[in-house]
Amino acid sequence: MPITGIEVLRDAVLGAGLDAVQMSRGRVAGSLVFAEVDGVLYGSGSINGRVSLVGPLSEERVTLGIGLAFPEGARHWQQEVAAGGVGIFLPGDEHDALYRPGARYVAATLSLERLEAEAARQDLVLDRRALGGSRIHPRPLAAEVLRRLDRRLRAVHVGASGDAALGPDLLAAMVAHCAREPQRQRTTARQPRHRRIVIQARAYVAAHLDEPISVDAVAAAAGTSRRTLYRAFVELVEETPSLYVRRLRLHRIRHDLASPEEAATAIALLAAKWGVGEPGRLSGWYRELFGELPSETRAAYRRIVKANARPASTLARSA
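Everything numeric here is computed off the predicted structure, so don't read it as measured data. (Residues numbered from 1 in each chain as written. Predicted model: local features only at pLDDT ≥ 70, side-chain atom pairs only at ≥ 80, totals over all residues. Heavy atoms only, no water.)

## Points about the overall build of the chain
Argument step 1. On a plain count of helices and strands, the chain comes out with twelve helices and eleven strands.
Argument step 2. Reported as C-alpha extents along the three principal axes, the dimensions of the chain are approximately 90 × 50 × 30 Å.
Argument step 3. Of all 319 residues assigned to the chain, the portion counted as buried reaches 43%.
Argument step 4. Residue pairs in contact within the chain that sit at least 24 positions apart in sequence constitute 69% of those at least 6 positions apart.
Argument step 5. Summed over its atoms, the accessible surface of the chain is roughly 16400 Å², and 52% of this surface lies on carbon and sulfur atoms.
Argument step 6. If the 44 positive side-chain charges of the chain are averaged to one point and the 35 negative ones to another, these points end up 5 Å apart. (Helix = DSSP H or I, 4+ residues; strand = E, 2+ residues; numbered from the N terminus. Buried < 20%, exposed > 50% of the residue type's maximum accessible area, 1.4 Å probe, protein only. Contact = heavy atoms within 4.5 Å. Areas by Shrake-Rupley, 256 points an atom, 1.4 Å probe, with all protein chains shown as cover. Lys, Arg positive; Asp, Glu negative; His and termini not counted. Charge placed at Lys NZ, Arg CZ, Asp CG, Glu CD.)

What follows is the structure, given as structure tokens:
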């Protein structure tokens, strides 16, 4: 979306409602782009004007940001920042920035749980302690990574076709930059403990699949921390606890779609029954796992039922 005035920059991070103040004469211009991928809200701005943006970026979620281009004099919290600076903004903490003409940034806003899941996927740790509070990370992003990401974002801002891998690549780069290596134990020493954790966690999930399930509750049921739960699942199940829960729920939905007891139940109601609270994404997740849409599963089941049904006249002759 084009920046047609300073008011647009209240949502420089979508939904933030920042206090945007124009500090230069003439109309502020540029563009904003947004995308939401797998529970992560991405936003990028290319700003032609001197502006001040103050306020929390999110009341409930964490935001990680990269300064793709910061002309001299750009500041965060009155601290001068340069291209490659990585900002960490915890929920509710105030963002206080001064941008100059030519500034470009990109940000990812997501839950701490989703951040930890991405870190676990990379076999890293990124919890509140590792994040270290709202701040500019003391180490800038590697120059080659910065150039690559900036080139792809500039293409988006000038209207190039969508870059489907850009969001996940951005998140992976941010997490890899801010996370730390886990404290290593010998694999042979930790495997029995991880097996016990996974067994207990899976039993809890199976018993509560039709209820809201939080990662904290699963960790408590397995007698471990959230971080160790992630590591145990990534090591032994090869996916995060949240993805495992979603996989099981998709299987339950598939079972019900081919069940005579649920034959007349709307697909959206089946999704709600098994805790898939984002029906708009159900089709994508379902097709990714099973290679077909939920409606196709139901249609196939109905064809089988119809093919196996005996005509009424045949039943009468048999009687």
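Past the structure itself, the notes keep going.
## A few points about the sheet that holds strand 2 (residues 29-37)
Argument step 1. Reading across the sheet, the six strands line up as 2-3-10-5-8-11 and stay open at both edges, with antiparallel pairing between neighbours. Sheet topology places strand 2 and strand 11 (135-136) at the edges, where each strand pairs with a single neighbour.
Argument step 2. Sheet topology places strand 5 (residues 62-69) next to strand 10 (residues 103-110); seven bridges connect them, and they run antiparallel. Across the sheet, the residue bridging to Ile66 is Val106, located in strand 10.
Argument step 3. With respect to the sheet, helix 3 (residues 143-157) is in contact with strand 2, strand 3 (40-48), strand 5 and strand 10, its orientation differing from that of strand 5 by roughly 90°. (Pairing = 2+ DSSP bridges. Axes fitted to C-alpha atoms, helices over the stretch in contact; angles between N-to-C directions.)

## What to know about the confidence of the model for the chain
Argument step 1. Residue-level pLDDT values for the chain average 87, and 93% of them are 70 or greater.
Argument step 2. Within the chain, no element has a lower average pLDDT than helix 12 (residues 312-318), which sits at 44, and none a higher one than strand 5, at 96.
Argument step 3. Throughout residues 312-319 the model reports pLDDT below 50, and contacts reaching past four residues in sequence, or to other chains, amount to two contacts. (pLDDT = per-residue confidence, 0-100.)

## Quick word on the packing of helix 8 (residues 241-257) against helix 11 (residues 294-308)
Argument step 1. At a minimum axis separation of 9 Å, helix 8 and helix 11 run at an interaxial angle of 35°. Two packed elements cross with a definite hand, and for helix 8 against helix 11 that hand is right-handed. Contact residues: Arg254, Asp256 and Leu257 in helix 8; Pro294, Thr297, Arg298 and Tyr301 in helix 11.
Argument step 2. Looking at the contact of helix 8 with helix 11 residue by residue, the classes come out as three nonpolar, one polar and three charged. (Left-handed = near helix turned anticlockwise from the far one by under 90°. Nonpolar A, V, L, I, M, F, W, Y, C, P; charged D, E, K, R; others polar.)

## What to know about helix 7 (residues 226-236)
For the α-helix, the turn length of 3.6 residues means that residues three or four positions removed from each other point alike.
Argument step 1. Of the residues making up helix 7, those classed as buried are Arg226, Thr228, Leu229, Tyr230, Arg231, Ala232 and Phe233.
Argument step 2. Positioned one or two residues after helix 7, Glu238 has a phi angle of 70°, which is positive.

## A few points about helix 4 (residues 166-178)
Argument step 1. In a regular helix each residue adds 1.5 Å, so 13 residues correspond to 18 Å; helix 4 covers 18 Å between its end C-alpha atoms and thus fits that length.
Argument step 2. By the criterion of burial, helix 4 is predominantly enclosed, with ten of the 13 residues buried.
Argument step 3. Restricting attention to buried positions, one finds in helix 4 the residues Leu166, Gly167, Leu170, Leu171, Ala172, Ala173, Met174, Val175, His177 and Cys178. (Expected span 1.5 Å × (residues − 1).)

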